[in-house]
Amino acid sequence: MSANTDDGLLIVSEEICEQVIRRPDAFSAVEAVFGAMARGDAYNFPVVREAIGHADALYGFKSGFDRAGMVLGVKAGGYWPGNMAKGLTNHQSTVCLFDPDTGRLTALVGGNYLTALRTAASSAVSIAHLARKDAKVLGMVGAGHQSTFQLRAAAEQRDFDKVVAWNPHPDMLPRLAAVAEELGLAFEAVTPEELGAQADVIITITSAFEPLIMADWIKPGTHIACMGTDTKGKQEVDPALLKSATVFADEIAQSITIGEAQHAIASGLIGEGDLTAIGEVINGTHPGRSSADEITLFDGTGVGLQDLAVASVAARLAREQGLVTPVAL
Ligand code: NAD
């Protein structure tokens, strides 16, 4: 649903986003837009990402149009590595929403919290549609900022009773342990091999540039959501895993260029035709998991339409709840 109003521009702060939008809202918005992308009702425009030559910053735009949801907009922002020292998060972004009928700016929405929420919703959608129904053990690879959002969203998709976790920097694991405890889940820090042996569902959410998880550590029937690789050169898993798994992606074009699939594609292990858009499963045009032993892999690279979808929901909820007042532009 568009954040369209007839009477001005909504400014939706980070704090209001945190207050109004819940994980199920983000899940529904992301699931719907993935479905719309697979039907050809929504498309992402080419991404712009540039080193600006100042403050070591990477700055860019992710934009798109969802004709089904009537959401048009752009997420602008990027990465400022020196921000932490200034008490700010290094990733900074803002979503601008426009009225698709007139081009008028309808909302400015803080994008930092929403980025974590929509990324967690993406892997959660993949778990909901692809993981075995009887999955009990959730494996977490990564323990940074995104990881707790990922854990919370994943935990809502299956009746998990345990979290096993591994991180290249073990000192970061207590933050995941605390969330697992809060969710009433047992928690065990393990080796990556042990994680593969135990987990029914795995999420990888690191900024690694080399494989952390090898194909022969993964047991039959596992669903793995690779969420950390969103740039050329990044890599979290053994490319052979993409050969042995059935591979799904948020957007195939992005997955094969900047996602986890870039490496298996480059080495000729798989071809573009081996990937299926997750939206096909959502829309029922692909059956998804076909057996209890099948390994399914979701390559979640992060598309602009996810940002626009959740920003649109946040703007609508903020307005409905009287938390924002339209201003004239
Ligand atoms: P963070 O900086 O808070 O945490 C980084 C994580 O990666 C930690 O687990 C850390 O131990 C690990 N790590 C750091 N350097 C590493 C290295 N050289 N090798 C292996 N592991 C390393 O980052 P975050 O905000 O949690 O983001 C994690 C990743 O997710 C990043 O790569 C980020 O770009 C990506 N991301 C993807 C999406 C998406 O839509 N797919 C969205 C947001 C972030």
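Bear in mind the structure is a predicted one, so any value in this text is a computation, not a measurement.

Conventions adopted
Residues numbered from 1 in each chain as written. Predicted model: local features only at pLDDT ≥ 70, side-chain atom pairs only at ≥ 80, totals over all residues. Heavy atoms only, no water. Pairing = 2+ DSSP bridges. Helix = DSSP H or I, 4+ residues; strand = E, 2+ residues; numbered from the N terminus. Buried < 20%, exposed > 50% of the residue type's maximum accessible area, 1.4 Å probe, protein only. Near = heavy atom within 4 Å. Polar contact = N/O pair within 3.5 Å; in protein donor to acceptor, adjacent residues only side chain to side chain. Areas by Shrake-Rupley, 256 points an atom, 1.4 Å probe, with all protein chains shown as cover. Axes fitted to C-alpha atoms, helices over the stretch in contact; angles between N-to-C directions. Contact = heavy atoms within 4.5 Å. Right-handed = clockwise from strand over helix to strand, strands pointing away. Core = buried A, V, L, I, M, F, W, Y, C linked by side-chain atoms within 4.5 Å. Domains from an automatic or database assignment. Parallel < 35°, antiparallel > 145°, perpendicular 65-115°, else oblique. Left-handed = near helix turned anticlockwise from the far one by under 90°. Nonpolar A, V, L, I, M, F, W, Y, C, P; charged D, E, K, R; others polar.

Undergrad: In this structure, what is going on with the pairing of strand 3 (residues 48–51)? I would like to understand it.
TA: On a regular strand, each side chain points to the face opposite its neighbour's, so the side chains alternate between the two faces of the sheet. Bridge count for strand 3 against strand 4 (residues 58–66) is 4 bridges, and the pairing is antiparallel. In the sheet register, A51 faces strand 4, and the bridge partner there is L58.

Undergrad: Before we go on, may I ask you to explain unusual backbone geometry in this structure?
TA: Outside of glycine, negative phi angles account for most residues, and trans bonds account for most peptide bonds. If you check the backbone angles, A55 has positive phi at about 55 degrees while not being a glycine. Mapped onto the secondary structure, A55 falls in the loop between strand 3 and strand 4. Not every positive phi belongs to a glycine, and M70 is a case in point at roughly 50 degrees. Judged by relative accessible area, which is 29%, M70 ranks as partly exposed.

Undergrad: Explain the site of the ligand here, please?
TA: The ligand sits among 22 residues. The nearest are R118, H145, N167, H169 and K234. A distance of 2.9 Å separates an oxygen atom of the ligand from a polar backbone atom of Q146. Take G228: an N or O atom from its main chain is 3.1 Å from an oxygen atom of the ligand. Across the complex, the protein chains shield 78% of the 860 Å² of accessible surface that the ligand would expose by itself. At the level of secondary structure, the elements contributing two or more residues to the shell around the ligand comprise helix 3 (112–130) and helix 4 (145–155).

Undergrad: Explain the sheet that holds strand 9 (residues 162–166) here, please?
TA: Two strands in a sheet stick together by hydrogen bonds in their backbones, pointing the same way (parallel) or opposite ways (antiparallel). The parallel open sheet is built from 8 strands, whose spatial order is 10-9-8-11-13-17-15-16. Pairing within the sheet leaves two strands with one partner each, and these edge strands are strand 10 (186–189) and strand 16 (275–277). Sheet twist, expressed as the average angle between the axes of neighbouring strands with direction ignored, equals 20 degrees. Sitting on the sheet, helix 3 is in contact with strand 11 (201–204), strand 13 (223–226), strand 15 (246–249) and strand 17 (296–299), with an inclination near 160 degrees to strand 13. Lying over the sheet, helix 5 (residues 173–182) contacts strand 8 (137–141), strand 9 and strand 10, oriented at roughly 165 degrees with respect to strand 10.

Undergrad: I tried to follow the pairing of strand 9 on my own but got confused; where do I start?
TA: Counting buried residues in strand 9 gives 4 out of 5 residues, a clear majority hidden from the surface. The sheet contact formed by strand 8 and strand 9 spans 5 bridges and is parallel. Residue L138 lies in a different strand from strand 9, and its bridge partner there is V163. One crossover worth recording links strand 8 to the parallel strand 9 by way of helix 4, and it is right-handed. Note that strand 9 and strand 10 share 4 bridges and pair parallel. Bridge assignment links V163 to a residue of strand 10, and that residue is F187. Between the parallel pair strand 9 and strand 10, the chain is carried across by helix 5, and the sense of this crossover is right-handed.

Undergrad: Hey, could you run me through the nonpolar core in this one?
TA: Generally speaking, a soluble globular protein has its nonpolar side chains buried in company with each other. With 69 residues, the main nonpolar core has V12, F34, L97, V109, L114, M140 and I203 as its most contacted residues. Among the domains, domain 1 (10–115 + 305–320) and domain 2 (132–302) are the pair contributing at least three residues each to this core. Counting 28 residues, the second-largest nonpolar core is a separate cluster that includes L212, A249, A261 and L297.

Undergrad: I tried to follow the packing of helix 2 (residues 23–39) against helix 11 (residues 304–320) on my own but got confused; where do I start?
TA: The description of two packed helices rests on the angle between their axes and on the distance between the axes. Between helix 2 and helix 11, the shortest axis-to-axis distance is 9 Å and the interhelical angle comes to 135 degrees. Our classification of the angle between helix 2 and helix 11 gives oblique. Helix-helix and strand crossings are classified by hand; for helix 2 and helix 11 the assignment is right-handed. Every residue of helix 11 that contacts helix 2 at D25, A26, A29, V30, V33, F34 and M37 is listed here: L305, Q306, A309, V310, V313 and L317. Broken down by class, the residue content of the contact of helix 2 with helix 11 amounts to 11 nonpolar, 1 polar and 1 charged.

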